[in-house]
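Chain and residue survey
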Amino acid sequence: MQAETNIPDYLTDDFSLYLENMTSLADPENPDLLSNYVATLFEQLKQMPLLFTGMVDQLAMAISTKIRIDSKGLEKISFTPEPSWDDVKPFVGVHTDARTCITEIMTHAEQDLKIAVLLIHFYNRYDATPLRTQVDEDDQVTDDEYNDYDENY
């Protein structure tokens, strides 16, 4: 089981969108759905590198298979306050066929690229196992409550 991961406040909205997109496209009945969607997004991004400016969840999806993140190294930096791109960049490797596109994004939309990388990092470390909740004794339903109906109504 992964360690508990706290998503920084500045990422929560975008992370929620990214998580929802990744989860909804991870269909066990259609295992290629997510990979096909991500490949299509990247092809669009290659044609227009600034296509997803302002839509970092989509940018993260598009580059998720084209970058490699050294998460162990990245975890050593502080995420509070928000790190700069220069702090994050040493922990990111880019696939050869994506270098031109990523360089263009880095030049014109560095903040979006940094947030997209952080979304991928936190998603890869995210443990979606629901936390156990303590049951309040007052909220527990007993068998007697289910049997408290008049059978002859």
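Preceding block: the structure.
A brief structural summary. What you are looking at is a predicted structure, and each value in this text was computed from that prediction instead of being measured.

So, about the overall build of the protein. Looking only at helices and strands, the protein has eight helices and two strands in total. Element order for the protein, N to C, with α for helix and β for strand: α-α-α-β-α-α-β-α-α-α. In the protein, which comprises 153 residues, the share counted as buried stands at 35%. Here the analysis covers contacts within the protein between residues at least 6 apart in sequence; of these, 77% occur between residues at least 24 apart.

Among the nonpolar cores identified, the biggest contains 40 residues, and L45 and I63 are the most heavily contacted of them. Leaving out residues up to four positions away in the same chain, L45 has contacts with F52, L59, A62, I63, C101 and I105.

Taken as a whole and assessed by the stated rule, the structure comprises three aromatic pairs. For the ring pair Y18 and Y123, a centre distance of 5.2 Å and an interplane angle of 85° mean the geometry is edge-to-face. Placement of Y18 in helix α1 (residues 12–25) and of Y123 in helix α7 (residues 110–125) is noted, with a sequence separation of 105 residues between them. According to the relative accessible area criterion, Y123 is partly exposed, its value standing at 25%. Between F79 and F122, the aromatic rings sit 5.0 Å apart at their centres with planes inclined by 65°, giving edge-to-face as the arrangement. With F79 in the loop between α4 (71–74) and α5 (85–88) and F122 in helix α7, this residue pair connects regions lying 43 residues apart in the sequence. The pair F79 / F122 is uniform in exposure class, with both members buried.

Taking 1.5 Å of rise per residue, 15 residues should cover 21 Å, and helix α2 (residues 33–47) covers 22 Å from first to last C-alpha, within 8% of that figure. Turning to α2, its buried residues are L34, V38, L41, F42 and L45. Looking straight down α2, one finds that the buried residues subtend no more than 100° of arc, so they occupy a single side. The elements touched by buried residues of α2 are α1, α3 (56–63) and α6 (99–108).

We now examine the packing of α1 against α3. Interhelical geometry of α1 versus α3 gives an angle of 50° and a closest axis separation of 8 Å. The angle between α1 and α3 places the two elements in the oblique class. Helix-helix and strand crossings are classified by hand; for α1 and α3 the assignment is right-handed. Residues D14, L17, Y18, N21, M22 and L25 of α1 touch α3, and the partners they reach there are V56, D57, Q58, A60 and M61. Its residues placed into classes, the contact of α1 with α3 shows seven nonpolar, two polar and two charged.

Before going further, it helps to spend a moment on the environment of D9. Counting through the fold element by element, D9 comes out in the segment before α1. D9 gets classed as exposed once you look at its relative accessible area, which sits at 71%. Separated by 72 residues in the primary sequence, D9 and P81 place their C-alpha atoms 9.9 Å from one another.

About the cut-offs
- Residues numbered from 1 in each chain as written.
- Predicted model: local features only at pLDDT ≥ 70, side-chain atom pairs only at ≥ 80, totals over all residues.
- Heavy atoms only, no water.
- Helix = DSSP H or I, 4+ residues; strand = E, 2+ residues; numbered from the N terminus.
- Buried < 20%, exposed > 50% of the residue type's maximum accessible area, 1.4 Å probe, protein only.
- Contact = heavy atoms within 4.5 Å.
- Core = buried A, V, L, I, M, F, W, Y, C linked by side-chain atoms within 4.5 Å.
- Phe/Tyr/Trp six-rings, centres within 6.5 Å; stacked < 30°, edge-to-face > 60°.
- Expected span 1.5 Å × (residues − 1).
- Arc of directions from axis to C-beta.
- Axes fitted to C-alpha atoms, helices over the stretch in contact; angles between N-to-C directions.
- Parallel < 35°, antiparallel > 145°, perpendicular 65-115°, else oblique.
- Left-handed = near helix turned anticlockwise from the far one by under 90°.
- Nonpolar A, V, L, I, M, F, W, Y, C, P; charged D, E, K, R; others polar.

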